[in-house]
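Understanding the architecture of this molecule
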Amino acid sequence: MALAEAKQTATEARLSGLGLPEGGCLKAARQAALSRVQTMGLPSRRDEYWKYTRPDTLVQAEAPKAALFEADEAPMFDAFERLNIVFVDGVFDQEASDDLALEGLSIDRLEDICCKDIHWAKDLYGVLEARGQTPVERPLAALNTAFASDGVAIRVTGKVSKPINFTYVHSDENSDAILHHVIRVESGAEVTILENGPAASRFNKCMEIDVADGGKLHLVRAQGRDHKRRAATHLFARLGTESVFKSFTLTVNGVLTRNEAVIELTGDDAVAHIAGACVGDGDFHHDDTVFITHDAVNCESRQVFKKVLRNGATGVFQGKILVKEGAQKTDGYQISQSLLLDDDSQFLAKPELEIYADDVACSHGSTSGAIDEEGLFYLRSRGVPLAEATDLMTLAFLAEAVEEIEDPEIAADIVSRLEGWLARRR
Amino acid sequence: MLEIKNLQVKLEDEDKQILKGLDLKVEAGKVHAIMGPNGSGKSTLSYVLSGRDGYEVTEGSATLEGEDILELEPEERAAAGMFLAFQYPVEIPGVGNMTFLRTAVNAQRKARGEEELSASDFLKEVRAKAKTLKIDADMLKRPVNVGFSGGEKKRNEILQMAMLEPKLCILDETDSGLDVDAMKLVAEGVNALRDEGRGFLVITHYQRLLDHIKPDVVHILANGRIVKTGGPELALEVENNGYAGILAEVDA
């Protein structure tokens, strides 16, 4: 069916401003992605999947201007021993980055892959994204695969001694960045990936993650405090037998954030946990859209999303668990909750389960509510003043999501950012 | 210490009178027990004194060392020296027990214009007090009351009491959900805090807690009023004859 005219016009307007980068061994993937976008068209507000989040500013040709943020706290994850990879407005910054070499993994920039005829990333780049286009279309991800101007391919072959940290710096208030990373964790290998920063005024990021049998990947990201920035991110992950993928996302501020996670459990006994905590104020809009497919036996998936909203902020959660025929002994859990600190804020949730196996345990819950009065009274009866007690109860609300972070030091850093957000609003 | 005069309280949302003219005086250094059948207003009394929402005082007064407490916020009452050990202590995930204790201790000190306890002084004190209540380091680190057994929760209440050093301690059915050993441990904790400057109001259904925390005065609360006051022997009378006998005698 031909696209509606308005959609076609909008898609063409956006694509006309972009050029396909040099292809090399990724050329075919980029071209295929381009034709996917052209066929699907970019999202419009009439699309069911975009019912709660207006895609206009993510789709329009020019990135809306976003004021730069003046940091008043130490950069995230700064105290950790790590391998730091820096992108400024979506462009790799070699000076600021560490040497891209570490035992147990290899890191190549897309730019380097592009001039090669053969590279392992060819089998991953755009592959999971393309798989993730059904049953729901994700045109912004296809656009990313086609036009990503930078990014890295990380292949993890052993237990890596320190985390790989992506620092995304926003330095130009008109910047429009498209980054695409691919990560392959080989059998039995393990790595922690950290990401932090707003990246650009408008950021389209795609990460494709392939975890082979017995591999483990921990991902913790923080999306920066530049309030006027916009971001559409996609995470595509495929999990092999007995592999583990755990991800946590912190979002503090941001007028528009849409984080999509598309996870496929393809090997038996695999585990996927996707968690997020966001705190928003005023014209904050945050959307978590998750699609988890169980396609193997005895796999576990957990989705834990918590949103604290005040002053007219909006939170969105669209989360789905699909259990395919034969995916017996599936253990699926999904919780999405919002803490509405006033009557002006709203939380829009669409939890979905679709199950074709008969021996599974899947649960889902979604709530919106105010601060727990019982807890508040308990704290105040011990002498804790109302404002401080409210903050503690807010942290208590977020705890289940934060507890998904395994590393206590990383978790402590995340909590300190949440405390900072609360303290600034006293 | 605590003086309650003609206290009349109704539920805020309902036209239901709970306390109907309650008079009570707790002196410093004394342990007063309040016993009474279900629905007599025991828990309401403890909540109204500690400032929980949902109740409306229609008449009467309550003062702590001469200060009207009914107009104060819960945290102000706490700083004034009021402490309620909850019947059902609340779980607070994500907030470490130690952090909670320190926040509470220092908030009260600040409200009273005292200097905050240093981290090391606080740690020393909390460890010593936790030890006597058989609260281990792990329980101090864990989130407040999360995953605690019934006994652990109640011991944690007493630890808070010990750290906050209140003037008036209200224990709301502290014995509920405890086995004999746990009850003994809690009672020992309470007895260790008995002091000539401190008053206790022990609310309970049963006499058994009063075997371990010996009261000076026992009150029977029924239908929103203190209907009988006596010595420890009154608790035994309840144990032997139930409330029915006493209430019949009062009505007669």
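Residues numbered from 1 in each chain as written. Chains lettered and ligands numbered in written order. Predicted model: local features only at pLDDT ≥ 70, side-chain atom pairs only at ≥ 80, totals over all residues.

1. Side note on the overall build of chain B
From N to C terminus, chain B includes nine helices and twelve strands. A globule of 252 residues ought to have a C-alpha radius of gyration of about 18 Å, and chain B, at 18 Å, matches this closely. Counting only C-alpha atoms and orienting by the principal axes, one finds that chain B spans roughly 60 × 40 × 35 Å. (Helix = DSSP H or I, 4+ residues; strand = E, 2+ residues; numbered from the N terminus. Rg over C-alpha atoms; globule rule 2.2 N^0.38 Å.)

2. A few points about the interface of chain A and chain B
The partner chain B presents 22 residues to the 20 residues of chain A that form the contact. Mapped onto the side of chain A that touches chain B, the elements with two or more residues apiece are helix H7 (373–381) and helix H8 (386–402) of chain A. Examining the composition of the side of chain A that touches chain B, we find that nine residues originate from one element, H8(A), more than from any other. Grouping the amino acids of the side of chain A that touches chain B by side-chain chemistry returns eleven nonpolar, three polar and six charged. (Contact = placed C-beta atoms within 7 Å. Nonpolar A, V, L, I, M, F, W, Y, C, P; charged D, E, K, R; others polar.)

3. A word on the sheet that holds strand E17 (residues 314–323) of chain A
All names here are of chain A. Read across the open sheet, the ten strands follow the order E3-E4-E5-E7-E9-E11-E13-E15-E17-E19; overall the sheet is mixed. Strand pairing shows two members of the sheet lacking a second neighbour, strand E3 (101–102) and strand E19 (346–355), which therefore form its edges. Relative to strand E9 (residues 202–211), strand E7 (residues 176–185) runs parallel, the two sharing ten bridges. Directly across from leucine 179, in E9, lies its bridge partner lysine 205. Strands E7, E9 and strand E11 (230–239) of the sheet are contacted by helix H6 (residues 139–147), whose axis makes an angle of about 85° with E9. (Pairing = 2+ DSSP bridges. Axes fitted to C-alpha atoms, helices over the stretch in contact; angles between N-to-C directions.)

4. As for the nonpolar core
In this structure, Phe83(B), Leu168(B) and Ile170(B) are the most contacted members of the largest nonpolar core, which totals 191 residues. Residues contacting Leu168(B), with those up to four places away along its chain left out, are Met1(B), Leu2(B), Val26(B), Leu64(B), Gly81(B), Met82(B), Phe83(B), Gly199(B) and Leu201(B). (Core = buried A, V, L, I, M, F, W, Y, C linked by C-beta atoms within 7 Å. Buried ≥ 20, exposed ≤ 12 C-beta atoms within 10 Å, placed from the backbone.)

5. What to know about the packing of helix H3 (residues 97–111) of chain B against helix H6 (residues 150–164) of chain B
All names here are of chain B. Where H3 contacts H6, the two axes come as close as 10 Å, and the packing angle between them is 35°. The interaxial crossing formed by H3 with H6 has right-handed handedness. Of the residues in H6, those in contact with Asn97, Leu101, Ala104, Val105 and Gln108 of H3 are Asn156, Gln160, Met163 and Leu164. The residue inventory of the contact of H3 with H6, partitioned by class, reads five nonpolar, four polar and no charged. (Left-handed = near helix turned anticlockwise from the far one by under 90°.)

6. Considering the pairing of strand E2 (residues 17–26) of chain B
Residue and element names in this part refer to chain B. As paired elements, strand E1 (residues 2–11) and E2 share seven bridges and run antiparallel to each other. Across the sheet, the residue bridging to glutamine 8 is lysine 20, located in E2. Between E1 and E2, which follow one another and run antiparallel, lie five residues.

7. Structural notes on the environment of Val185(A)
All names here are of chain A. Inspection of the secondary structure puts valine 185 in strand E7. We classify valine 185 as buried; it has 28 C-beta atoms within 10 Å. As for valine 185 and leucine 217, which are separated by 32 residues in sequence, their C-alpha atoms are 7.3 Å apart. Those residues within four positions of valine 185 in sequence are excluded, and the remaining contacts are Val156, Val191, Val211, Ala212, Gly215, Lys216 and Leu217.

8. Things to note about the confidence of the model for chain B
In this model, chain B carries an average pLDDT of 92, and 100% of its residues clear a pLDDT of 70 or more. The ipTM, which scores confidence in the relative placement of chains, is 0.95 for this predicted complex, and the corresponding pTM is 0.92. (pLDDT = per-residue confidence, 0-100.)

9. Details of the environment of Val26(B)
All names here are of chain B. Mapped onto the elements of the fold, valine 26 is located in strand E2. Look at valine 26 and you get buried, because 23 C-beta atoms sit within 10 Å. For the pair valine 26 and aspartate 195, spaced 169 residues apart in sequence, the C-alpha to C-alpha distance is 14 Å. Residues within four places of valine 26 in sequence aside, it is in contact with Met1, Leu2, His32, Leu168, Gly199 and Leu201.

10. Considerations on the environment of Ala222(B)
Residue and element names in this part refer to chain B. With respect to the helices and strands, the residue alanine 222 is situated in strand E11 (residues 217–222). Sequence separation of alanine 222 and alanine 182 is 40 residues, and the distance between their C-alpha atoms is 29 Å. Ignoring any residue separated from it by four or fewer positions in sequence, one finds alanine 222 in contact with Gly36, Pro37, Ser40, Val227 and Leu247.

11. Brief notes about the sheet that holds strand E4 (residues 55–64) of chain B
All names here are of chain B. Taken in spatial order, the four strands make up an open sheet running E2-E1-E4-E5, and their pairing is antiparallel. Two strands lie at the open edges of the sheet, namely E2 and strand E5 (67–68), each paired on one side alone. Pairing between E1 and E4: eight bridges, direction antiparallel. Directly across from glutamine 8, in E4, lies its bridge partner glutamate 59.

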